[in-house]
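Listed below are the residues making up each chain.
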Amino acid sequence: MFKKAIKPLIAGVMLAAASMSFAAPNSDKNVLRMVPQADLKVLDPIWTTAFVTRDHGYMIYDTLFGVDTKGDVHPQMVDTYTKSPDGMKWTFTLRDGLAWHDGQPVTTKDVIPSIKRWGQRDGLGQKMFAAIDKFEAVDAKTFTITFKQPFGMVLEALGKPASNPPFIMPERVAQTPADKQISDYTGSGPYIFKKDEFRPGEKVVYEKNTKYVPRSEAPSGTAGGKHVYVDRVEWVILKDGQTQANALINGEVDMLSWTPPEQYAALKANPNIQLLVPVPKGSYAMHLNHLIPPFNNPKISQAAIMSINQQALMRAQMVNKDLYNTCTSIYPCGSTYATDDTSYFTGKPQFEKSKALLKEAGYDGTPIVLMNPSDFTLLNKFPVVLAQLLRQGGFKVDLVSMDWPSLLARRAKKDPADKGGWNMFVTGWGASDTMNPLFFAPMTGNGEKGWFGWATDPKLEDLKGQFLATMDPAKRKELAQAIQTEVFNFGLYAPLGESTNFTAVRKGVVSGLVDSPVSVFWNIKKN
(Lines give C-alpha, C1' and ligand atoms only; values in the text may rest on other atoms or scores of the structure.)
Protein backbone atom coordinates (compact mmCIF):
# COMPACT_ATOMS: atom_id res chain seq x y z
CA MET A 1 0.00 0.00 0.00
CA PHE A 2 2.88 2.34 0.82
CA LYS A 3 4.45 1.72 -2.60
CA LYS A 4 1.13 2.40 -4.32
CA ALA A 5 0.67 5.62 -2.39
CA ILE A 6 4.20 6.92 -2.80
CA LYS A 7 4.50 6.35 -6.58
CA PRO A 8 2.06 9.15 -7.58
CA LEU A 9 3.71 11.48 -5.08
CA ILE A 10 7.20 10.79 -6.44
CA ALA A 11 5.94 11.20 -10.00
CA GLY A 12 4.34 14.52 -9.09
CA VAL A 13 7.48 15.82 -7.45
CA MET A 14 9.62 14.75 -10.44
CA LEU A 15 7.21 16.41 -12.89
CA ALA A 16 7.18 19.62 -10.85
CA ALA A 17 10.97 19.63 -10.64
CA ALA A 18 11.27 19.06 -14.39
CA SER A 19 8.82 21.88 -15.06
CA MET A 20 10.76 24.25 -12.79
CA SER A 21 14.02 23.29 -14.48
CA PHE A 22 12.45 23.77 -17.91
CA ALA A 23 10.85 27.13 -17.21
CA ALA A 24 13.38 28.78 -14.89
CA PRO A 25 15.84 30.05 -17.51
CA ASN A 26 13.02 31.86 -19.31
CA SER A 27 12.58 34.20 -16.36
CA ASP A 28 15.58 36.15 -17.67
CA LYS A 29 14.27 38.60 -20.23
CA ASN A 30 17.61 38.54 -22.06
CA VAL A 31 17.30 34.81 -22.84
CA LEU A 32 15.27 33.90 -25.93
CA ARG A 33 14.02 30.32 -25.84
CA MET A 34 12.68 28.90 -29.07
CA VAL A 35 11.79 25.56 -30.63
CA PRO A 36 13.71 25.11 -33.90
CA GLN A 37 12.30 23.56 -37.05
CA ALA A 38 13.97 20.22 -36.23
CA ASP A 39 16.55 18.59 -33.99
CA LEU A 40 20.11 19.71 -34.71
CA LYS A 41 22.71 16.98 -34.94
CA VAL A 42 24.66 17.79 -38.12
CA LEU A 43 26.60 21.02 -37.46
CA ASP A 44 28.29 21.49 -40.84
CA PRO A 45 26.12 23.67 -43.15
CA ILE A 46 28.33 22.88 -46.14
CA TRP A 47 28.02 19.11 -45.67
CA THR A 48 24.20 19.07 -45.61
CA THR A 49 21.27 21.08 -46.97
CA ALA A 50 19.08 20.46 -43.88
CA PHE A 51 17.19 23.62 -42.92
CA VAL A 52 18.04 23.37 -39.22
CA THR A 53 21.76 23.11 -40.00
CA ARG A 54 21.51 26.07 -42.36
CA ASP A 55 19.73 28.06 -39.63
CA HIS A 56 22.53 27.12 -37.22
CA GLY A 57 24.99 28.36 -39.85
CA TYR A 58 23.37 31.78 -39.98
CA MET A 59 23.63 32.04 -36.20
CA ILE A 60 27.41 31.68 -36.05
CA TYR A 61 28.83 32.37 -39.53
CA ASP A 62 28.70 35.26 -41.96
CA THR A 63 28.64 35.47 -45.76
CA LEU A 64 30.37 37.69 -48.28
CA PHE A 65 27.03 38.88 -49.66
CA GLY A 66 23.41 38.79 -48.49
CA VAL A 67 20.02 38.85 -50.21
CA ASP A 68 17.23 41.25 -49.22
CA THR A 69 13.51 40.54 -49.26
CA LYS A 70 13.28 41.71 -52.89
CA GLY A 71 15.93 39.20 -53.96
CA ASP A 72 18.60 41.85 -54.53
CA VAL A 73 22.19 41.01 -53.58
CA HIS A 74 24.13 43.31 -51.22
CA PRO A 75 27.63 43.23 -49.71
CA GLN A 76 27.81 41.67 -46.24
CA MET A 77 31.39 40.80 -45.23
CA VAL A 78 32.55 42.57 -48.39
CA ASP A 79 33.04 46.34 -48.27
CA THR A 80 33.63 47.14 -51.94
CA TYR A 81 33.93 45.21 -55.19
CA THR A 82 34.64 45.93 -58.84
CA LYS A 83 34.60 43.99 -62.08
CA SER A 84 36.44 44.41 -65.35
CA PRO A 85 34.48 45.75 -68.34
CA ASP A 86 34.28 42.25 -69.83
CA GLY A 87 33.14 40.77 -66.51
CA MET A 88 36.02 38.28 -66.45
CA LYS A 89 37.87 39.64 -63.40
CA TRP A 90 36.31 40.60 -60.07
CA THR A 91 38.06 42.28 -57.14
CA PHE A 92 36.62 42.17 -53.60
CA THR A 93 37.74 43.96 -50.43
CA LEU A 94 36.57 42.87 -46.97
CA ARG A 95 35.07 45.42 -44.61
CA ASP A 96 36.68 46.53 -41.35
CA GLY A 97 35.82 44.93 -38.02
CA LEU A 98 35.58 41.29 -39.13
CA ALA A 99 36.89 38.91 -36.46
CA TRP A 100 36.54 35.28 -35.47
CA HIS A 101 34.97 34.34 -32.17
CA ASP A 102 38.49 33.62 -30.83
CA GLY A 103 39.50 37.23 -31.56
CA GLN A 104 41.63 36.59 -34.66
CA PRO A 105 40.92 38.79 -37.71
CA VAL A 106 39.11 37.41 -40.75
CA THR A 107 41.40 37.52 -43.79
CA THR A 108 41.45 36.37 -47.38
CA LYS A 109 43.36 33.27 -46.17
CA ASP A 110 40.04 32.23 -44.62
CA VAL A 111 37.77 33.36 -47.44
CA ILE A 112 39.44 31.51 -50.31
CA PRO A 113 39.43 27.97 -48.80
CA SER A 114 35.90 28.54 -47.47
CA ILE A 115 34.54 29.33 -50.92
CA LYS A 116 36.53 26.49 -52.46
CA ARG A 117 35.10 23.97 -49.96
CA TRP A 118 31.58 25.26 -50.59
CA GLY A 119 32.22 25.00 -54.33
CA GLN A 120 32.84 21.28 -54.05
CA ARG A 121 29.44 20.59 -52.46
CA ASP A 122 27.07 23.15 -53.96
CA GLY A 123 25.73 22.75 -57.50
CA LEU A 124 26.04 26.44 -58.41
CA GLY A 125 29.46 26.50 -56.74
CA GLN A 126 30.58 23.63 -58.93
CA LYS A 127 29.47 25.55 -62.02
CA MET A 128 31.30 28.67 -60.84
CA PHE A 129 34.58 26.88 -60.20
CA ALA A 130 34.39 25.17 -63.58
CA ALA A 131 34.49 28.70 -65.04
CA ILE A 132 37.23 30.08 -62.74
CA ASP A 133 40.81 30.46 -63.93
CA LYS A 134 42.37 32.04 -60.82
CA PHE A 135 41.17 32.68 -57.26
CA GLU A 136 43.88 34.69 -55.51
CA ALA A 137 44.60 36.86 -52.48
CA VAL A 138 46.01 40.32 -53.17
CA ASP A 139 46.55 41.04 -49.48
CA ALA A 140 44.86 40.25 -46.15
CA LYS A 141 41.65 42.08 -47.12
CA THR A 142 41.50 41.91 -50.92
CA PHE A 143 41.06 38.97 -53.28
CA THR A 144 40.35 38.49 -56.96
CA ILE A 145 38.44 35.95 -59.03
CA THR A 146 39.44 35.65 -62.69
CA PHE A 147 37.24 33.64 -65.03
CA LYS A 148 38.34 31.69 -68.09
CA GLN A 149 34.81 31.76 -69.46
CA PRO A 150 31.79 34.01 -68.83
CA PHE A 151 29.88 33.35 -65.61
CA GLY A 152 26.70 35.37 -65.22
CA MET A 153 25.83 34.76 -61.56
CA VAL A 154 28.89 35.76 -59.54
CA LEU A 155 27.13 37.81 -56.87
CA GLU A 156 24.15 35.45 -56.81
CA ALA A 157 26.52 32.56 -56.09
CA LEU A 158 28.48 34.34 -53.36
CA GLY A 159 25.24 35.54 -51.73
CA LYS A 160 23.25 32.32 -52.23
CA PRO A 161 20.89 32.25 -49.22
CA ALA A 162 20.05 28.55 -49.09
CA SER A 163 21.16 25.02 -49.85
CA ASN A 164 24.07 25.62 -49.43
CA PRO A 165 24.96 29.19 -48.38
CA PRO A 166 28.69 29.92 -48.86
CA PHE A 167 29.48 30.51 -45.19
CA ILE A 168 32.97 31.78 -44.40
CA MET A 169 34.97 29.72 -41.90
CA PRO A 170 38.49 30.00 -40.45
CA GLU A 171 41.22 28.67 -42.73
CA ARG A 172 41.94 25.69 -40.47
CA VAL A 173 38.25 24.68 -40.59
CA ALA A 174 37.76 25.39 -44.29
CA GLN A 175 40.62 23.02 -45.10
CA THR A 176 38.46 20.10 -43.90
CA PRO A 177 37.72 17.81 -46.89
CA ALA A 178 34.32 18.63 -48.37
CA ASP A 179 33.06 15.07 -47.81
CA LYS A 180 33.99 15.17 -44.12
CA GLN A 181 32.11 17.08 -41.42
CA ILE A 182 33.87 19.87 -39.54
CA SER A 183 34.53 19.60 -35.78
CA ASP A 184 35.54 23.20 -35.02
CA TYR A 185 32.61 25.63 -34.91
CA THR A 186 34.43 28.95 -34.65
CA GLY A 187 32.62 31.57 -36.70
CA SER A 188 32.54 35.33 -37.13
CA GLY A 189 28.77 35.79 -37.01
CA PRO A 190 26.47 37.52 -34.52
CA TYR A 191 26.21 34.52 -32.16
CA ILE A 192 28.73 32.16 -30.58
CA PHE A 193 27.93 28.45 -30.44
CA LYS A 194 28.29 27.02 -26.89
CA LYS A 195 29.71 23.60 -27.67
CA ASP A 196 30.05 22.80 -23.96
CA GLU A 197 26.28 23.17 -23.51
CA PHE A 198 25.24 21.37 -26.70
CA ARG A 199 22.90 18.45 -25.96
CA PRO A 200 21.65 16.78 -29.16
CA GLY A 201 17.98 15.98 -28.79
CA GLU A 202 17.62 18.43 -25.89
CA LYS A 203 19.01 21.91 -26.48
CA VAL A 204 21.40 24.09 -28.48
CA VAL A 205 22.82 27.24 -26.89
CA TYR A 206 24.19 30.42 -28.44
CA GLU A 207 25.57 33.53 -26.78
CA LYS A 208 25.67 37.05 -28.17
CA ASN A 209 28.92 37.88 -29.92
CA THR A 210 29.57 41.20 -28.20
CA LYS A 211 32.44 41.99 -30.58
CA TYR A 212 30.39 41.54 -33.75
CA VAL A 213 30.21 44.72 -35.85
CA PRO A 214 26.89 44.90 -37.75
CA ARG A 215 26.53 46.71 -41.03
CA SER A 216 24.87 50.12 -40.85
CA GLU A 217 22.00 49.26 -43.23
CA ALA A 218 18.61 48.17 -41.94
CA PRO A 219 18.21 44.37 -41.75
CA SER A 220 16.43 42.79 -44.71
CA GLY A 221 16.65 39.11 -45.50
CA THR A 222 20.22 37.88 -45.06
CA ALA A 223 21.50 41.39 -45.83
CA GLY A 224 21.89 44.52 -43.74
CA GLY A 225 22.73 44.95 -40.08
CA LYS A 226 22.69 41.79 -37.95
CA HIS A 227 21.88 43.26 -34.54
CA VAL A 228 21.56 41.08 -31.44
CA TYR A 229 19.35 42.34 -28.61
CA VAL A 230 19.39 39.26 -26.34
CA ASP A 231 22.32 37.84 -24.39
CA ARG A 232 21.53 34.23 -25.08
CA VAL A 233 19.43 32.08 -27.40
CA GLU A 234 18.42 28.55 -26.45
CA TRP A 235 16.99 26.16 -28.99
CA VAL A 236 14.78 23.76 -27.05
CA ILE A 237 14.25 20.47 -28.86
CA LEU A 238 10.61 19.39 -28.57
CA LYS A 239 9.52 16.87 -31.18
CA ASP A 240 5.80 16.54 -30.46
CA GLY A 241 3.50 19.24 -31.84
CA GLN A 242 1.21 19.31 -28.80
CA THR A 243 4.20 19.63 -26.48
CA GLN A 244 5.54 22.49 -28.55
CA ALA A 245 2.21 24.34 -28.43
CA ASN A 246 1.81 23.78 -24.68
CA ALA A 247 5.33 25.05 -24.01
CA LEU A 248 4.59 28.25 -25.94
CA ILE A 249 1.20 28.83 -24.33
CA ASN A 250 2.64 28.25 -20.84
CA GLY A 251 5.51 30.65 -21.44
CA GLU A 252 8.15 27.94 -21.18
CA VAL A 253 9.42 28.93 -24.62
CA ASP A 254 9.03 32.24 -26.42
CA MET A 255 8.81 31.12 -30.01
CA LEU A 256 8.14 28.21 -32.36
CA SER A 257 10.20 28.57 -35.51
CA TRP A 258 7.61 26.56 -37.47
CA THR A 259 4.08 26.07 -36.14
CA PRO A 260 2.99 22.39 -36.14
CA PRO A 261 0.10 22.20 -38.65
CA GLU A 262 -2.18 20.31 -36.27
CA GLN A 263 -1.75 23.11 -33.69
CA TYR A 264 -2.34 25.98 -36.11
CA ALA A 265 -6.05 26.49 -35.39
CA ALA A 266 -5.62 26.44 -31.61
CA LEU A 267 -2.67 28.83 -31.63
CA LYS A 268 -4.43 31.16 -34.07
CA ALA A 269 -7.38 31.37 -31.69
CA ASN A 270 -5.20 32.07 -28.64
CA PRO A 271 -5.13 35.84 -27.87
CA ASN A 272 -1.71 35.52 -26.24
CA ILE A 273 -0.08 34.05 -29.34
CA GLN A 274 0.87 35.85 -32.54
CA LEU A 275 1.36 34.01 -35.83
CA LEU A 276 3.81 35.54 -38.28
CA VAL A 277 5.08 34.63 -41.75
CA PRO A 278 8.65 35.98 -41.94
CA VAL A 279 9.66 33.42 -44.59
CA PRO A 280 7.92 33.05 -47.99
CA LYS A 281 5.76 30.07 -48.86
CA GLY A 282 7.72 26.81 -49.18
CA SER A 283 7.15 23.51 -50.92
CA TYR A 284 7.61 19.77 -50.49
CA ALA A 285 9.06 17.23 -52.88
CA MET A 286 9.49 13.48 -53.33
CA HIS A 287 13.14 12.58 -53.94
CA LEU A 288 14.42 9.37 -55.53
CA ASN A 289 17.74 7.54 -55.41
CA HIS A 290 18.79 7.17 -59.06
CA LEU A 291 22.08 5.45 -58.28
CA ILE A 292 20.57 2.05 -57.48
CA PRO A 293 17.54 0.03 -58.69
CA PRO A 294 14.74 0.53 -59.36
CA PHE A 295 14.91 4.31 -59.88
CA ASN A 296 18.00 4.09 -62.04
CA ASN A 297 15.36 3.37 -64.69
CA PRO A 298 13.61 6.64 -65.68
CA LYS A 299 10.39 4.81 -66.59
CA ILE A 300 10.08 3.46 -63.04
CA SER A 301 10.77 6.95 -61.69
CA GLN A 302 7.99 8.30 -63.90
CA ALA A 303 5.64 5.63 -62.58
CA ALA A 304 6.30 6.78 -59.02
CA ILE A 305 5.58 10.37 -60.03
CA MET A 306 2.33 9.29 -61.71
CA SER A 307 1.17 7.80 -58.40
CA ILE A 308 1.25 11.15 -56.61
CA ASN A 309 -1.95 12.70 -55.29
CA GLN A 310 -0.95 16.21 -54.24
CA GLN A 311 -4.30 17.04 -52.62
CA ALA A 312 -4.32 13.91 -50.46
CA LEU A 313 -0.68 14.31 -49.43
CA MET A 314 -0.92 17.99 -48.53
CA ARG A 315 -4.22 17.59 -46.71
CA ALA A 316 -2.83 14.75 -44.58
CA GLN A 317 0.34 16.62 -43.65
CA MET A 318 -0.84 20.21 -43.38
CA VAL A 319 -4.31 19.43 -41.89
CA ASN A 320 -5.76 22.93 -42.35
CA LYS A 321 -6.65 24.23 -45.81
CA ASP A 322 -5.24 27.65 -44.84
CA LEU A 323 -1.77 26.12 -44.83
CA TYR A 324 -1.37 24.61 -48.29
CA ASN A 325 -2.12 24.62 -51.99
CA THR A 326 -1.35 22.23 -54.81
CA CYS A 327 1.22 23.26 -57.42
CA THR A 328 2.57 21.07 -60.22
CA SER A 329 5.38 23.40 -61.30
CA ILE A 330 8.88 22.74 -59.99
CA TYR A 331 9.16 26.51 -59.48
CA PRO A 332 7.04 28.43 -56.94
CA CYS A 333 3.58 29.02 -58.38
CA GLY A 334 3.24 32.65 -59.42
CA SER A 335 7.02 33.13 -59.69
CA THR A 336 9.01 34.16 -62.76
CA TYR A 337 9.60 30.67 -64.15
CA ALA A 338 6.42 28.93 -62.99
CA THR A 339 4.33 27.24 -65.66
CA ASP A 340 1.61 24.59 -65.78
CA ASP A 341 3.32 22.88 -68.73
CA THR A 342 4.39 19.86 -66.68
CA SER A 343 4.47 17.05 -69.23
CA TYR A 344 2.58 13.98 -67.95
CA PHE A 345 2.55 15.17 -64.33
CA THR A 346 -0.85 16.40 -63.18
CA GLY A 347 -0.55 16.17 -59.40
CA LYS A 348 -3.43 13.69 -59.54
CA PRO A 349 -3.02 9.91 -59.33
CA GLN A 350 -2.70 7.94 -62.57
CA PHE A 351 -2.52 4.46 -61.10
CA GLU A 352 -3.30 2.47 -64.25
CA LYS A 353 -0.67 4.36 -66.26
CA SER A 354 1.80 3.79 -63.45
CA LYS A 355 1.13 0.04 -63.44
CA ALA A 356 1.47 -0.14 -67.22
CA LEU A 357 4.76 1.73 -67.14
CA LEU A 358 6.10 -0.56 -64.39
CA LYS A 359 5.23 -3.58 -66.49
CA GLU A 360 6.89 -2.04 -69.54
CA ALA A 361 10.02 -1.21 -67.52
CA GLY A 362 10.27 -4.70 -66.05
CA TYR A 363 9.84 -3.76 -62.39
CA ASP A 364 10.46 -7.03 -60.49
CA GLY A 365 8.43 -6.24 -57.37
CA THR A 366 11.39 -5.62 -55.07
CA PRO A 367 10.12 -3.37 -52.25
CA ILE A 368 11.31 0.22 -52.38
CA VAL A 369 12.64 1.65 -49.11
CA LEU A 370 10.71 4.81 -48.28
CA MET A 371 12.28 6.61 -45.32
CA ASN A 372 9.89 8.12 -42.77
CA PRO A 373 11.12 10.69 -40.20
CA SER A 374 8.63 9.60 -37.54
CA ASP A 375 9.72 12.27 -35.02
CA PHE A 376 9.45 15.20 -37.45
CA THR A 377 5.94 16.66 -37.18
CA LEU A 378 6.39 18.74 -40.34
CA LEU A 379 7.09 15.70 -42.52
CA ASN A 380 5.99 12.45 -40.89
CA LYS A 381 2.54 12.14 -42.43
CA PHE A 382 3.70 12.41 -46.03
CA PRO A 383 5.47 9.02 -46.22
CA VAL A 384 2.53 7.10 -44.75
CA VAL A 385 0.14 8.44 -47.40
CA LEU A 386 2.77 8.25 -50.16
CA ALA A 387 3.40 4.57 -49.38
CA GLN A 388 -0.26 3.78 -49.91
CA LEU A 389 -0.41 5.75 -53.15
CA LEU A 390 2.66 3.95 -54.49
CA ARG A 391 1.13 0.58 -53.62
CA GLN A 392 -1.98 1.57 -55.58
CA GLY A 393 0.34 2.46 -58.45
CA GLY A 394 1.85 -1.01 -58.51
CA PHE A 395 4.87 -0.70 -56.22
CA LYS A 396 5.77 -2.76 -53.20
CA VAL A 397 6.86 -0.44 -50.41
CA ASP A 398 8.90 -0.90 -47.25
CA LEU A 399 8.12 2.10 -45.02
CA VAL A 400 11.10 2.45 -42.68
CA SER A 401 10.70 4.78 -39.68
CA MET A 402 13.60 6.66 -38.09
CA ASP A 403 14.29 10.04 -36.54
CA TRP A 404 15.14 12.99 -38.78
CA PRO A 405 18.87 13.12 -38.02
CA SER A 406 19.10 9.40 -38.84
CA LEU A 407 17.35 10.04 -42.16
CA LEU A 408 19.84 12.80 -42.98
CA ALA A 409 22.70 10.41 -42.26
CA ARG A 410 21.17 7.51 -44.18
CA ARG A 411 20.43 9.55 -47.31
CA ALA A 412 24.20 10.04 -47.72
CA LYS A 413 24.69 6.29 -48.07
CA LYS A 414 25.07 4.82 -51.53
CA ASP A 415 24.61 1.19 -50.48
CA PRO A 416 21.79 -1.00 -51.83
CA ALA A 417 18.48 -0.28 -50.13
CA ASP A 418 18.45 -3.63 -48.32
CA LYS A 419 21.96 -3.01 -47.02
CA GLY A 420 21.37 0.29 -45.27
CA GLY A 421 20.71 2.48 -48.29
CA TRP A 422 17.42 3.96 -49.46
CA ASN A 423 15.14 4.56 -52.46
CA MET A 424 12.92 7.49 -51.58
CA PHE A 425 12.15 10.22 -49.04
CA VAL A 426 10.16 13.45 -48.76
CA THR A 427 11.50 16.81 -47.61
CA GLY A 428 10.63 20.49 -47.74
CA TRP A 429 12.21 23.45 -49.51
CA GLY A 430 11.97 27.22 -49.40
CA ALA A 431 11.15 29.52 -52.29
CA SER A 432 14.77 30.70 -52.15
CA ASP A 433 15.77 27.16 -53.15
CA THR A 434 13.27 26.49 -55.91
CA MET A 435 12.89 29.88 -57.62
CA ASN A 436 16.03 29.37 -59.74
CA PRO A 437 17.19 26.05 -61.24
CA LEU A 438 20.80 26.94 -60.41
CA PHE A 439 19.90 27.46 -56.73
CA PHE A 440 18.08 24.16 -56.19
CA ALA A 441 20.41 21.56 -54.68
CA PRO A 442 18.58 18.45 -56.01
CA MET A 443 18.62 19.85 -59.56
CA THR A 444 21.76 17.91 -60.46
CA GLY A 445 22.51 15.46 -63.22
CA ASN A 446 26.25 15.06 -62.62
CA GLY A 447 26.10 11.66 -60.93
CA GLU A 448 27.94 11.08 -57.68
CA LYS A 449 29.22 14.67 -57.62
CA GLY A 450 25.63 15.86 -57.27
CA TRP A 451 23.05 15.97 -54.51
CA PHE A 452 21.72 12.92 -52.68
CA GLY A 453 20.04 10.77 -55.32
CA TRP A 454 23.06 11.06 -57.62
CA ALA A 455 21.24 11.24 -60.95
CA THR A 456 23.25 11.14 -64.17
CA ASP A 457 21.50 13.32 -66.74
CA PRO A 458 23.83 15.13 -69.20
CA LYS A 459 20.89 16.86 -70.89
CA LEU A 460 19.86 18.51 -67.62
CA GLU A 461 23.41 19.70 -66.98
CA ASP A 462 23.63 21.11 -70.50
CA LEU A 463 20.36 23.04 -70.06
CA LYS A 464 21.59 24.44 -66.75
CA GLY A 465 24.79 25.52 -68.46
CA GLN A 466 22.80 27.35 -71.13
CA PHE A 467 20.64 29.00 -68.47
CA LEU A 468 23.75 30.20 -66.66
CA ALA A 469 25.41 31.50 -69.84
CA THR A 470 22.57 33.75 -70.99
CA MET A 471 21.51 37.05 -69.43
CA ASP A 472 18.42 37.35 -71.65
CA PRO A 473 15.28 37.05 -69.45
CA ALA A 474 13.16 35.60 -72.26
CA LYS A 475 15.79 32.98 -73.08
CA ARG A 476 16.15 32.07 -69.41
CA LYS A 477 12.41 31.58 -69.13
CA GLU A 478 12.46 29.33 -72.19
CA LEU A 479 15.32 27.31 -70.70
CA ALA A 480 13.59 27.11 -67.31
CA GLN A 481 10.65 25.45 -69.08
CA ALA A 482 12.99 23.03 -70.86
CA ILE A 483 14.59 22.18 -67.52
CA GLN A 484 11.18 21.47 -65.98
CA THR A 485 10.27 19.18 -68.88
CA GLU A 486 13.55 17.30 -68.50
CA VAL A 487 13.01 16.91 -64.73
CA PHE A 488 9.74 15.09 -65.38
CA ASN A 489 10.96 13.13 -68.40
CA PHE A 490 13.95 11.87 -66.44
CA GLY A 491 11.85 11.38 -63.31
CA LEU A 492 14.37 13.33 -61.22
CA TYR A 493 11.95 14.32 -58.43
CA ALA A 494 8.40 15.59 -58.08
CA PRO A 495 6.73 18.49 -56.23
CA LEU A 496 4.01 17.59 -53.74
CA GLY A 497 2.56 21.05 -53.13
CA GLU A 498 3.19 24.36 -51.38
CA SER A 499 2.76 25.41 -47.76
CA THR A 500 2.66 28.54 -45.64
CA ASN A 501 4.83 28.08 -42.57
CA PHE A 502 3.90 30.24 -39.60
CA THR A 503 6.24 31.29 -36.82
CA ALA A 504 4.40 31.45 -33.49
CA VAL A 505 5.56 33.88 -30.78
CA ARG A 506 4.32 35.05 -27.41
CA LYS A 507 2.35 38.19 -28.19
CA GLY A 508 3.87 41.32 -26.67
CA VAL A 509 6.98 39.40 -25.64
CA VAL A 510 8.83 38.70 -28.89
CA SER A 511 9.26 41.28 -31.67
CA GLY A 512 11.61 42.27 -34.46
CA LEU A 513 11.57 39.11 -36.62
CA VAL A 514 13.24 39.84 -39.94
CA ASP A 515 11.42 39.03 -43.17
CA SER A 516 13.84 36.85 -45.07
CA PRO A 517 14.06 34.16 -47.77
CA VAL A 518 15.33 31.83 -45.00
CA SER A 519 14.88 31.75 -41.21
CA VAL A 520 17.23 34.16 -39.42
CA PHE A 521 17.28 35.01 -35.72
CA TRP A 522 19.08 38.30 -35.37
CA ASN A 523 17.25 41.61 -34.64
CA ILE A 524 14.81 39.79 -32.31
CA LYS A 525 13.85 41.57 -29.09
CA LYS A 526 12.33 40.06 -25.98
CA ASN A 527 10.21 42.39 -23.85
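Here, the structure is the one placed above.
Residues numbered from 1 in each chain as written. Predicted model: local features only at pLDDT ≥ 70, side-chain atom pairs only at ≥ 80, totals over all residues. Heavy atoms only, no water.

Caption draft 1: Main features of the pattern of salt bridges. Following the criterion strictly, the structure yields 26 salt bridges and no others. The salt bridge involving Asp44 is made with Arg117; its shortest N-O contact spans 2.7 Å. Taken as a pair, Asp44 in the loop between β1 (31-35) and α2 (51-60) and Arg117 in helix α3 (residues 108-121) lie far apart in primary sequence, 73 residues in all. Note on Asp44: relative accessible area 0%, which makes it buried. Exposure remark for Arg117: the relative accessible area of 2% places this residue in the buried category. Here the salt bridges share partners, and the residues they tie into one network are Arg33, Glu197, Lys203, Arg232 and Glu234. (Salt bridge = Lys/Arg side-chain N within 4 Å of Asp/Glu carboxyl O. Helix = DSSP H or I, 4+ residues; strand = E, 2+ residues; numbered from the N terminus. Buried < 20%, exposed > 50% of the residue type's maximum accessible area, 1.4 Å probe, protein only.)

Caption draft 2: Expanded view of the pairing of strand β13 (residues 282-288). Most of β13 sits out of view: seven of its seven residues are buried. The two faces of β13 match: Gly282, Tyr284, Met286 and Leu288 on one face and Ser283, Ala285 and His287 on the other face are all buried. With six bridges joining them, β13 and strand β18 (residues 493-499) adopt antiparallel strand pairing. Across the sheet, residue Tyr284 finds its bridge partner in β18, namely Gly497. Judged from the six bridges that link them, β13 and strand β17 (residues 424-429) form a sheet pairing that is antiparallel. (Pairing = 2+ DSSP bridges.)

Caption draft 3: Seen up close, the pairing of β18. Counting buried positions along β18 yields seven of seven residues, so the element is predominantly enclosed. Direction of pairing for strand β14 (residues 324-325) relative to β18: antiparallel, over a ladder of two bridges. Residue pairing across strands places Asn325 opposite Glu498, the latter belonging to β18.

Caption draft 4: Seen up close, the sheet that holds strand β5 (residues 89-94). Overall, antiparallel pairing links the four strands, which are arranged β4-β5-β7-β6 in an open sheet. Here the strands that pair on one side only, and so sit at the sheet edges, are β4 (78-83) and β6 (132-137). Looking at each pair of strands side by side, their axes are set apart by 15 degrees on average, direction ignored. When β5 meets strand β7 (residues 142-147), the two strands line up antiparallel, connected through five bridges. Bridging from a neighbouring strand, Thr93 pairs with Thr142 of β7. Lying on the sheet, α3 is in contact with β5, β6 and β7; it crosses β6 at an angle near 150 degrees. Where helix α4 (residues 123-131) meets the sheet, its contacts fall on β6 and β7, and the angle it forms with β6 comes to roughly 95 degrees. (Axes fitted to C-alpha atoms, helices over the stretch in contact; angles between N-to-C directions. Contact = heavy atoms within 4.5 Å.)

Caption draft 5: Just the nonpolar core, in detail. Core analysis: the largest hydrophobic core is formed by 143 residues, its most contacted members being Leu64 and Phe395. Here Phe395 is in contact with Phe295, Ile300, Ala303, Ala304, Ser307, Ser354, Leu358, Tyr363, Ile368 and Leu390, once residues within four sequence places are set aside. With eleven residues, the next largest nonpolar core counts Val236, Ala245, Ala247 and Ile273 among its residues. (Core = buried A, V, L, I, M, F, W, Y, C linked by side-chain atoms within 4.5 Å.)

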